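What follows is the residue order along each chain.
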Amino acid sequence: MLNWLFGKGDSKKKELDLLHIGVDIHSHLIPGIDDGVQSVEESLTMIKKMIELGINQIYTTPHVIWDCYRNTPDTILSGLEMIRNAVVEAQLPVSINAAAEYFIDEHFIQMMQTGERLLTLPGNRLLVELPYSTPLMNTSETLFMIVEKGYQPVLAHPERYAYFHNDLSVYRKLVDGGCELQLNVLSLSGHYGPGVTRTAEWLLENHLITFLGTDAHKMAHLDSIQKSNRHGWLLKYPFQNEKLAFIRHK
Ligand SMILES: [Fe+2]
């Protein structure tokens, strides 16, 4: 379908079609501001691959982790401008916007409390992530505070927090409290280990996932996603990504 874009001689069969997903809401495509891509060229190469996979709208989400990546709306939006210009120049058929992936730390809580400007996904959705190794003292309360402040929390890759694996009821409590859950595509292919895959499948079986995301940091992630075609969940689960298409971005 898009062979014109990727070279006439590219006869490699497209292994995975995420056209029904259409909108990717989690990636790290702005160069040099987090642990994602480091150059415009790398970003463009990945965006081309995402188009090949069936993505036509991208909300890229740089990390905001105050100990490592002190990103602000200014750093993110100026980087977005640069990538957008490159996408236009390369005539790539994709629209690209930016939000952020906010790590819940003291700085984040402070920003919530002072009402500082945050970058959101459509529908005033705030993509947040938790620590991987040690649980927060008050995960549920923090997520519910986000709701009280008028945002719709979207928890990034809930399946990757191993400390939840022994008490899966936590996930249902989060959803019942108004949190949407975003699964990483690579969690289904064993990329993060069997425990993560098992939890990902449990979350899907119990209809607790709302969105799918690539969480692509580098080309290798997208190559792995392309190989994950055998996993039926990607095709049969009613991910809601498309409902974020064409919503006016705040
Ligand atoms: Fe991420």
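Summarised in this report is the structure supplied together with it. This structure is a prediction, so every number in the text was calculated from the model and none was measured. (Residues numbered from 1 in each chain as written. Predicted model: local features only at pLDDT ≥ 70, side-chain atom pairs only at ≥ 80, totals over all residues.)

This part covers the overall build of the protein chain. Along its length, the protein chain carries nine helices and nine strands. C-alpha atoms of the protein chain, sized along the principal axes, occupy 55 × 40 × 30 Å. (Helix = DSSP H or I, 4+ residues; strand = E, 2+ residues; numbered from the N terminus.)

With that out of the way, let us pick up the sheet that holds strand β8 (residues 180–184). What the six strands build is an open sheet, ordered β3-β5-β6-β7-β8-β9; its pairing is parallel. Each edge of the sheet is formed by a strand with only one pairing partner; in this case those strands are β3 (63–64) and β9 (211–213). Note: strand β7 (residues 152–156) against β8, three bridges, orientation parallel. From the neighbouring strand, Leu-155 faces β8, where its bridge partner is Leu-181. Helix α5 (residues 139–148) rests against β6 (125–129) and β7 of the sheet, and its axis sits at about 145° to β7. (Pairing = 2+ DSSP bridges. Contact = placed C-beta atoms within 7 Å. Axes fitted to C-alpha atoms, helices over the stretch in contact; angles between N-to-C directions.)

This paragraph deals with the pairing of β6. Across the five residues of β6, five count as buried, placing the element largely inside the fold. Where burial is concerned, the two faces of β6 agree: the one with Arg-125, Leu-127 and Glu-129 and the one with Leu-126 and Val-128 are both buried. Pairing analysis gives three bridges linking strand β5 (residues 101–103) to β6, with the strands arranged parallel. When the sheet's bridge partners are listed, Tyr-102 is paired in β6 with Val-128. Each parallel crossover has a hand, and the one from β5 via helix α4 (residues 106–114) to β6 is right-handed. Sheet analysis places β6 next to β7, joined by four bridges and oriented parallel. Looking across to β7, one finds that Leu-126 is bridged to Pro-153. Considered for its hand, the β-α-β crossover made up of β6, α5 and β7 is right-handed. (Buried ≥ 20, exposed ≤ 12 C-beta atoms within 10 Å, placed from the backbone. Right-handed = clockwise from strand over helix to strand, strands pointing away.)

A turn of α-helix holds 3.6 residues, and therefore any two residues three or four places apart point the same way. Its 17 residues give helix α3 (residues 73–89) an end-to-end C-alpha distance of 24 Å, which sits within 8% of 24 Å, the value for a rise of 1.5 Å per residue. Within α3, the full set of buried residues consists of Ile-76, Gly-79, Leu-80, Ile-83 and Val-87. All buried residues of α3 project into a common sector of 110° when viewed along the axis, lining one side. Residues of α3 that are exposed and point over 90 degrees away from its buried face: Asp-74, Ser-78, Glu-81, Asn-85, Val-88 and Glu-89. Structurally, α3 contributes buried residues whose contacts are with α2 (40–53) and β4 (95–98). Downstream of α3 by one or two residues, Gln-91 has phi in the positive range, about 55°. (Expected span 1.5 Å × (residues − 1). Arc of directions from axis to C-beta.)

Let's shift gears to the packing of α2 against α3. Look at α2 against α3: their axes get within 10 Å of each other, and the N-to-C directions meet at 60°. Between α2 and α3, the angle falls in the class oblique. You can see that α2 and α3 cross each other, and the crossing is right-handed. For the pair α2 and α3, the contacting residues are Val-40, Ser-43, Leu-44 and Ile-47 in the first and Met-82, Ile-83, Ala-86 and Val-87 in the second. When the residues that make up the contact of α2 with α3 are grouped by side-chain class, the tally is seven nonpolar, one polar and no charged. (Parallel < 35°, antiparallel > 145°, perpendicular 65-115°, else oblique. Left-handed = near helix turned anticlockwise from the far one by under 90°. Nonpolar A, V, L, I, M, F, W, Y, C, P; charged D, E, K, R; others polar.)

A few words now on the sheet that holds strand β1 (residues 23–24). Spatially, three strands are ordered β1-β2-β4 in an open sheet, and the strand pairing comes out parallel. Strand pairing shows two members of the sheet lacking a second neighbour, β1 and β4, which therefore form its edges. As judged from the two bridges shared by β1 and strand β2 (residues 57–60), these two strands associate in the parallel manner. From the neighbouring strand, Asp-24 faces β2, where its bridge partner is Ile-58.

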